[in-house]
Structure formats: structure tokens, C-alpha cells
Amino acid sequence: TELLSFFLSSENEHGLNGVFYQGLLAALRECGAAQSDADAWGDVQSVQTEVGTDKGRIDLLIETDQAVLAIECKIGHHQNNPFADYEAHAAKLLQGKPTSECVKLIVCVDGKSHITGWQGLSYHQLARHTKPFLAEALLAQPYNKWALFARAFLIHWEQLGVEVMNQQQMDFVLEHLSEIKQLEQLRNKFYQHVIDHILLDLENQIEGYARYHRIHTW
């Protein structure tokens, strides 16, 4: 949420202007949480994280000239926040804005909201709509380090919730589970054989050598 807040505010040092905000608007239009004239909300006035309310904290709060966006960011957590309290807090912020709109959004892995009145949006959707705007920024500023960090950030979003094992792979493991276990045991015996051989040589050739080893990924 802190990283998203950093990139959403055009006043920060990243120099990407409204790339992430425009991507958010595009995603909101697609899911129906914003009308086609959402650009009429005006400029972003503030982006805050962990905004305190009477009963909790709103993860991300965006205020524009004519809108308030209350956003909860969920990864592996249940949607059990005091959402009614968040709505009341957002409503107070809308006072004094003549033509105002309040968007209540839950950004989560599957993009599904279980709270009435709150729109669901997936990280994958948000990344897909932000990437075209970031691509333009990368062309204009090819040596901007923040643009490269932002690209990595979006790639991370795209990988959230991706199935790492398909049904065919699962069936293969279930069918060959005993053979896989035997291979694991054989691999461990091989490691131990190599370790014992090398450590014995070290002990014979280096006086006072204290046994030590670790198995690395390579």
C-alpha cells in the first residue's frame, strides 16, 4: 500500500506524474466503479495511507477535487474490516464538494468484493490498465530508475494469485508420489556422500579444520 501510495502521488520524486492514477481510473471504468467522465473528478489533492477512523484505519485514501476513493488492499486477509465506519468517514470528506462522488474499492488477489457497496478489483486488472501508461513514461524517460522500479512492481502484481501448478502436474505427482520420495532419498544420500568425502579430505589436509557445510540452491 505504501508503494502504491508513493506512485499514485504525482508530487513524489518518481517523476511519473499521473501514470498510476490514470491506470486506476481505467480499471475503475472497466469494472463499472467509475463513469467514462471520471477524469472530471479533477486533480489528486492528497494520497494517504493508514487513515484513522472511529473504529479502524483505511488502507489508502485518495482525495481529488470532486471525489474520494477509499481503498482497502488485501493479500491473504479476510474482508472483515469496519467498512460502515470507513463509509461514514469518506462521507464526511465529501461535504463541501458540490458535485462529488465516493468510490469504495477492495483491491485483492481474486478481485471479488464480499462487502455490499464496495467494488472488487484484482491486482492483475490494476497492473494491466497501468502498464500502457507506464510504457509511455518509459519511452519518454528511458533512464528514470523509478520507472523501472514501477515496472517491477506491476510484474509482481501480475504474479499474485497465479496458479503455480496445473491439474496435469498435480495428477503426475499423485501418480508417482512413491517414486518421487525414493528420488528425494537418493538425492539426500548423494549429498551426504559428497559432503563426507570433501570434509574428510579437508580434515586430513588442514590442521585443526572444524567441520562445516551447507547445501546451497546450486
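Above this note sits the structure.
Residue numbers here run from 1 along each chain, matching the order of that chain's written sequence. Only residues with pLDDT of 70 or above have their local features reported here, since the model is predicted, and side-chain atom pairs are shown and tallied only from 80 upward, although totals for entire chains, interfaces and linings are computed over all residues. In computing side-chain values, all of the structure's heavy atoms are included and hydrogens and water are not.

**Brief notes about the nonpolar core**
- Ranked by size, the top nonpolar core spans 37 residues in total, and within it Phe 20, Leu 24 and Trp 157 carry the most contacts.
- Secondary structure elements are taken from DSSP: a helix is a run of H or I of four residues or more, a strand is a run of E of two residues or more, and numbering for both begins at the N terminus. Put simply, the parts of the chain that give this core at least two residues each are helix 1 (2-8), helix 2 (19-31), strand 2 (57-64), strand 3 (67-73), strand 4 (101-108), helix 4 (123-140) and helix 5 (145-159).
- A per-element tally of this core places helix 2 first, with 7 residues.
- Note on contacts: a residue pair is in contact if any heavy atoms of the two residues lie within 4.5 Å. Excluding anything up to four places from it in sequence, Phe 20 contacts Leu 4, Phe 7, Leu 8, Thr 130, Ala 150, Phe 153, Leu 154 and Trp 157.
- Residues belong to a common nonpolar core when they are buried Ala, Val, Leu, Ile, Met, Phe, Trp, Tyr or Cys residues joined through side-chain atoms within 4.5 Å. Exposure is judged per residue with a 1.4 Å probe applied to protein chains only, and the accessible area is read against the type maximum: over 50% gives exposed, under 20% gives buried, and values in between give partly exposed. Listed in part, the 12 residues of the second largest apolar core include Leu 61, Ala 70, Ala 90 and Cys 108.

**Let's talk about the environment of Ala 137**
- Relative to the assigned elements, Ala 137 resides in helix 4.
- Exposure remark for Ala 137: the relative accessible area of 8% places this residue in the buried category.
- The spatial distance from the C-alpha of Ala 137 to the C-alpha of Leu 16 is 6.5 Å, given a sequence separation of 121 residues.
- With residues up to four places along the chain from it excluded, the contact list for Ala 137 reads Leu 16 and Val 19.

**Structural notes on the state of the cysteines**
- Cysteine sulfur pairs qualify as disulfides if the two atoms are within 2.5 Å. Counted according to the given criterion, the structure contains 0 disulfides.
- Cys 31 supplies the cysteine sulfur nearest to Cys 102, a cysteine that is in no disulfide, at a spacing of 14 Å.
- Left without a disulfide partner, Cys 108 is nearest to the cysteine sulfur of Cys 73, which lies 9.8 Å away.
- With relative accessibility at 4%, the residue Cys 108 sits in the buried group.

**Some points on the packing of aromatic side chains**
- Each Phe, Tyr or Trp ring (for Trp, its six-membered ring) is paired with any other whose centre lies within 6.5 Å, and the angle between the two planes then decides the class: stacked below 30 degrees, edge-to-face above 60, tilted in between. Tallied over the full model, the rule gives 12 aromatic pairs.
- With centroids separated by 5.1 Å and ring planes inclined at 70°, the aromatic side chains of Phe 6 and Phe 7 adopt a geometry described as edge-to-face. The pair formed by Phe 6 and Phe 7 is uniform in burial state, with each residue classed as buried.
- Taken together, a centroid distance of 6.1 Å and an interplanar angle of 75° make the contact between Phe 20 and Trp 157 edge-to-face. On the criterion of sequence distance, the pair formed by Phe 20 in helix 2 and Trp 157 in helix 5 is long-range, its members being 137 residues apart.
- A relative accessible area of 3% means that Trp 157 is categorised as buried.
- Each residue in the set Phe 6, Phe 7, Phe 20, Tyr 123, Trp 146, Phe 149, Phe 153 and Trp 157 is aromatic and connected to the rest through ring pairs, giving one cluster.

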